[in-house]
Amino acid sequence: MISELLQCNFIDLDLGCQNKQEAIDKLSGLLSDSGKVSDRTHFVKAVMERERLGSTAIGAGIAIPHARANTVNEVSIAFARAPKGIDFNSVDGDPVHLIFLLAAPIESGSLYLKLLARISRLLRYQDLIEDLKKASSKEDVIKIIAAKE
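Bear in mind that the values here come from a model prediction, so they are computed numbers and not experimental data.

A. Molecular detail of the overall build of the protein chain. The secondary structure content of the protein chain amounts to six helices and six strands. Shown N-terminal to C-terminal, the secondary structure of the protein chain runs as helices and strands in the order α-β-α-α-β-β-β-β-β-α-α-α. Dimensions of the protein chain, computed from C-alpha atoms along their principal axes, come out at roughly 35 × 30 × 25 Å. Burial statistics for the protein chain: of 149 residues in total, 50% are counted as buried. Expressed as a percentage of contacts within the protein chain between residues at least 6 apart in sequence, the contacts between residues at least 24 apart total 70%. Split by element, the accessible area of the protein chain, about 7,100 Å² in all, is 48% carbon and sulfur.

B. Up close: helix 5 (residues 126-134). Residues Leu 128, Ile 129 and Leu 132 constitute the buried set of helix 5. Along the axis of helix 5, the buried residues cluster in a sector spanning 100 degrees; they form a single face. The secondary structure elements touched by the buried residues of helix 5 are strand 3 (62-63), strand 5 (76-86), strand 6 (96-104), helix 4 (109-122) and helix 6 (138-148).

C. Focus on the pairing of strand 5. Counting buried residues in strand 5 gives nine out of eleven residues, a clear majority hidden from the surface. In this structure, strand 1 (residues 11-12) lies alongside strand 5, joined through two bridges in parallel fashion. Residue Asp 12 lies in a different strand from strand 5, and its bridge partner there is Ala 80. Note: strand 5 against strand 6, seven bridges, orientation antiparallel. Bridge assignment links Ala 78 to a residue of strand 6, and that residue is Leu 101.

Criteria and thresholds
Residues numbered from 1 in each chain as written. Predicted model: local features only at pLDDT ≥ 70, side-chain atom pairs only at ≥ 80, totals over all residues. Heavy atoms only, no water. Helix = DSSP H or I, 4+ residues; strand = E, 2+ residues; numbered from the N terminus. Buried < 20%, exposed > 50% of the residue type's maximum accessible area, 1.4 Å probe, protein only. Contact = heavy atoms within 4.5 Å. Areas by Shrake-Rupley, 256 points an atom, 1.4 Å probe, with all protein chains shown as cover. Arc of directions from axis to C-beta. Pairing = 2+ DSSP bridges.

Shown next, in the form of C-alpha cells:
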C-alpha cells in the first residue's frame, strides 16, 4: 500500500524548487535522511537517467519520477506539493504541482512495477488530486491516499 510506505518525514507540502533536478534531489534527500537511500547522489543520478528516457510527468500537474538503484535499501515513496509548479517536460506542457518519487532496490522488480502501476491508477481520481492539493498537513496526505486505496 502506498499509504503504508509514505511517512510524514517523506512529505514536503511546500516544495519551492525551480526545476526537475532540484525537486528530485530534495525528495531524494528526504529518503536519504531516513536511511532508505544510502547514497543520495547516486540515486538522483539514476532518477535523472530515467528522466532522460522520457519525462515521468504524466499530465494534469503530476509527475512520478522513479528508479531502482543499488543504493536504495528499501522500497519507499516520497511526496511533494509544489504550489508554484515545476517544469518537468510534461506531456501536456503544464507545470507539475504533485510529485511522487518512487525509490526501489535493484532486486525489487515486480514490487516496483506494481507500486508504479498503483500510483498511476490512484492518480486517475480527480477528487484525490484536488484533495492532495488542499491537504493542510502531512498526516492528511497519508489519510487521503489511504482512503482511496
